[in-house]
Protein chains: 2
Amino acid sequence: MRVGYYQFQPEFGAPGRNLEKVENALAGADADLIVLPELAFTGYFFEDREELNELAEDVSASRTVQGLTRLCKNNDFYLVAGFAERCRGRVYNTALVIGPSGLLHCYRKLHLFNTEKEYFDPGDTPLKTIAIRGVHVGVMICFDWVFPEAARSLALQGADLLCHPSNLVLAYCQKAMLTRCLENSVYAITANRTGKETRPRGELSFTGQSQIVGPKGETMAISDSGEEAVVVRDIDVSAARKKLFTENNDLFVDRRPEFYDI
Amino acid sequence: MRVGYYQFQPEFGAPGRNLEKVENALAGADADLIVLPELAFTGYFFEDREELNELAEDVSASRTVQGLTRLCKNNDFYLVAGFAERCRGRVYNTALVIGPSGLLHCYRKLHLFNTEKEYFDPGDTPLKTIAIRGVHVGVMICFDWVFPEAARSLALQGADLLCHPSNLVLAYCQKAMLTRCLENSVYAITANRTGKETRPRGELSFTGQSQIVGPKGETMAISDSGEEAVVVRDIDVSAARKKLFTENNDLFVDRRPEFYDI
């Protein structure tokens, strides 16, 4: 299984140009699954709910979903991509799972970060895994990383690989994801964006350093803060299915849920 | 509040000499609370349950508990100390919380590591916090670190400070504890031992690097692998009670337990 990410700088408010950029970057990529950043087509730092609402799309009539499906079909791969989703009067910070036959799953971010609370609705979809070419893929978005319950819930459901579209502005996540992988014995791909957004309410700088991490918490790939890059690695899914930490310790069997108060 | 650890090398099978060593090292220490390693008086790598059973003590008739209480009284501080506990035919890998007035709490390790399963009984005491001089102290032991639910349960009960007696032989824990502190906004003291134990069933090397970590995951102190040292730092408990990660994100209020499946 060849999996990776595309780290780039989306242009604010230009979904068509961002789609074109993704299409150009990923055409011919030798991969089974590629993760894109959070909100990869709209940009991130919305002025208010009205501005977001104008840029968000309904998945059933989305040029972005149509374009990504075509891209998956033409290249025989799958994508996990951040997306501003409008649905029945609500707007979600969503990650799409798309393959050659179309949209497979929408995950709506459960833990909204900072000002996102002002214009996004909180996620209302379960943490669940999707089987892609025999690999169980769990999806979480950006700030979900700080809540150990998100990755844990996905791993206990059998996730082998966490796909993690992000728009990180702080420096904590990358190291914490090493712990998430180690404690759950899973792979993770954090696809972060680069660049700045200068908007009426201020400027945000995104920290890049997208990474692929293995089930012992080992960094298999990490990008620089500012580069745009498609990075792909081979993963051995059987390594994520071994939950043995020592010959006598299974990370899941050894849990003592009757003593947890969470 | 001044808190810290004593990193040292216990001598296997010599509880009297180990107690004396602790008494000498900590006499006059300017601290409110000091954490000692796991199994600080017996040593770690038992041959079998019979050998452990001979070295373990009942807390109600324990020279170690009596000696530590005297030490707390003479120096007006509290201790959290690893201890092999015998109780009604069972033997536990326990952490004692002791103060000037005697034993306050026993926590029995919930997650036994590797060969410990052969000779210890699994812990049967709840994860709970103890108030010491206005600070809420949670206790976990060594391998409990890999299960995010242990630290999380303590933090959600109001722990400001995790006291974490350890006998670590691998290299993963110290960095993971930075994540534990960050995700819960708590302080943590990991008191690890040093040195080797060469025993009939093999040799174990302990990795030292005891550490004090702050609520943003910052390392406030860390010892070398091999040194014996008493290390104490001032902590500001109010920093652990701020659960704000951004001005709009509270690490506990923002949890979505209805979506967690753990």
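Residues numbered from 1 in each chain as written. Chains lettered and ligands numbered in written order. Predicted model: local features only at pLDDT ≥ 70, side-chain atom pairs only at ≥ 80, totals over all residues. Heavy atoms only, no water.

## Concerning empty space enclosed by the protein
Part 1: Under the defined criterion, the tally for this structure stands at three cavities of 30 Å³ or more.
Part 2: Lining the largest cavity we find Tyr44, Phe113, Cys142, Phe143, Trp145, Asn167, Leu168, Val169, Leu170, Tyr172 and Cys173 of chain A together with Phe245 of chain B.
Part 3: Partitioning the lining of the largest cavity into residue classes produces 11 nonpolar, one polar and no charged.
Part 4: If you trace the second largest cavity, you find it lined by Phe245 of chain A together with Phe113, Cys142, Phe143, Trp145, Asn167, Leu168, Val169 and Leu170 of chain B.
Part 5: Of the residues that constitute the lining of the second largest cavity, the class distribution is eight nonpolar, one polar and no charged. (1 Å grid on protein atoms, 1.4 Å probe; cavity = no way out; pocket = protein on both sides within 12 Å on 5 of 7 lines; lining within 4 Å. Points joined across faces, edges and corners; volume = space filled by probe spheres on them. Nonpolar A, V, L, I, M, F, W, Y, C, P; charged D, E, K, R; others polar.)

## A word on the layout of surface pockets
Part 1: Put simply, the largest pocket is a space of about 410 Å³.
Part 2: As for the largest pocket, its lining consists of 19 residues, of which Lys175 and Leu178 of chain A together with Lys175, Ala176 and Leu178 of chain B are closest to the centre.
Part 3: The element best represented in the lining of the largest pocket is helix H6 (residues 173–184) of chain B, accounting for six residues.
Part 4: Here the lining of the largest pocket is composed, by residue class, of 10 nonpolar, five polar and four charged. (Helix = DSSP H or I, 4+ residues; strand = E, 2+ residues; numbered from the N terminus.)

## Some details on the packing of aromatic side chains
Part 1: One pass over the structure, following the stated rule, counts 22 aromatic pairs over all chains.
Part 2: Consider the rings of Phe46 of chain B and Phe120 of chain B, whose centres lie 6.0 Å apart with planes at 80°: the pair is edge-to-face. Residue Phe46 of chain B is located in the loop between strand E2 (33–35) and helix H2 (49–55), and its partner Phe120 of chain B is located in the loop between helix H4 (116–119) and strand E6 (129–132); the two are separated by 74 residues in the primary sequence.
Part 3: By way of ring pairs, the aromatic residues Phe113, Phe143, Trp145, Phe147 and Tyr172 of chain A together with Phe245 of chain B are connected into one cluster.
Part 4: When the ring centre of Tyr92 of chain A is taken as reference, the NZ or CZ atom of Arg108 of chain A above it lies at 4.0 Å.
Part 5: Lys216 of chain B extends its terminal NZ or CZ atom over the ring of Phe245 of chain B, reaching a point 4.6 Å from the ring centre. (Phe/Tyr/Trp six-rings, centres within 6.5 Å; stacked < 30°, edge-to-face > 60°. Lys NZ or Arg CZ within 6 Å of the ring centre and 35° of its normal.)

## Notes on the sheet that holds strand E8 (residues 161–165) of chain A
All names here are of chain A.
Part 1: Strand order in the open sheet made by the six strands is E6-E7-E8-E9-E12-E13, with mixed pairing throughout. Every interior strand has two partners, whereas the edge strands, strand E6 (129–132) and strand E13 (219–222), have only one. Averaged over all pairs of adjacent strands, the angle between their axes in this sheet comes to 20°, without regard to strand direction.
Part 2: Bridge analysis of strand E12 (residues 211–213) against E13 gives three bridges, and the strand direction is antiparallel. Across the sheet, residue Val213 finds its bridge partner in E13, namely Thr219.
Part 3: Of the strands in this sheet, E8, strand E9 (187–191), E12 and E13 are in contact with helix H6 (residues 173–184), which crosses E12 at around 20°. (Pairing = 2+ DSSP bridges. Axes fitted to C-alpha atoms, helices over the stretch in contact; angles between N-to-C directions. Contact = heavy atoms within 4.5 Å.)

## As for the packing of H6 of chain A against H6 of chain B
Part 1: Packing of H6 of chain A against H6 of chain B leaves a shortest axis separation of 9 Å and a crossing angle of 105°. The orientation of H6 of chain A with respect to H6 of chain B, classified from their angle, is roughly perpendicular. Residues Lys175, Ala176, Thr179, Arg180 and Glu183 of chain A of H6 of chain A lie in contact with H6 of chain B, whose contacting residues are Lys175, Ala176, Thr179, Arg180 and Glu183 of chain B.
Part 2: Residue composition of the contact of H6 of chain A with H6 of chain B, grouped by class: two nonpolar, two polar and six charged. (Parallel < 35°, antiparallel > 145°, perpendicular 65-115°, else oblique.)

## Focus: the relation of the copies chain B and chain A
Part 1: Superposition of chain B onto chain A requires a rotation of 180° combined with a translation of 0.0 Å along the rotation axis, giving an RMSD of 0.0 Å. The superposition operator between the copies reduces to a two-fold rotation axis.
Part 2: The fraction of interface residues of chain B whose copies in chain A are also interface residues reaches 100%, indicating that both copies meet through the same surface. (Least-squares fit on C-alpha atoms with pLDDT ≥ 70 in both.)

## Here we look at the pairing of E6 of chain B
All names here are of chain B.
Part 1: As paired strands, E6 and strand E7 (residues 135–139) are joined by four bridges and run antiparallel to one another. Looking across to E7, one finds that Thr129 is bridged to Gly138.
Part 2: Remark: two residues form the turn of the hairpin made by E6 and E7, two consecutive strands paired antiparallel; Arg133 in that turn has positive phi of roughly 50°.

## Comments concerning the interface of chain B and chain A
Part 1: Taken together, the 45 residues of chain B in the interface contact 45 residues of chain A.
Part 2: Summing both partners gives a buried area of about 4,000 Å² for chain B against chain A, and 61% of it is carried by carbon and sulfur.
Part 3: Of the charged contacts, one joins Arg255 of chain B and Glu149 of chain A as a salt bridge, the two residues approaching to 3.0 Å between their closest N and O atoms.
Part 4: For the pair chain B and chain A, the number of links is 25 residue pairs in polar contact (both at pLDDT 80 or more).
Part 5: Of the residues forming the side of chain B that touches chain A, the biggest block, six residues, is contributed by H6 of chain B.
Part 6: Partitioned by chemical class, the residues of the side of chain B that touches chain A number 21 nonpolar, 11 polar and 13 charged. (Buried area = accessible area lost by both parts, 1.4 Å probe. Salt bridge = Lys/Arg side-chain N within 4 Å of Asp/Glu carboxyl O. Polar contact = N/O pair within 3.5 Å; in protein donor to acceptor, adjacent residues only side chain to side chain.)

## Points about helix H3 (residues 63–75) of chain A
Residues and elements named next belong to chain A.
Part 1: Along its 13 residues, H3 runs 18 Å from first to last C-alpha, staying within 8% of the 18 Å computed at 1.5 Å per residue.
Part 2: Along H3, the residues classified as buried are Thr64, Val65, Gly67, Leu68, Thr69, Leu71, Cys72 and Asn75.
Part 3: Among the structural elements, helix H1 (15–26), strand E3 (78–87), strand E4 (90–99) and strand E5 (102–108) are those in contact with the buried residues of H3.
Part 4: Measuring from the side-chain oxygen of the N-cap residue of H3 to the backbone nitrogen of Thr64 gives 3.1 Å; that N-cap residue is Ser62. (Expected span 1.5 Å × (residues − 1). Buried < 20%, exposed > 50% of the residue type's maximum accessible area, 1.4 Å probe, protein only.)

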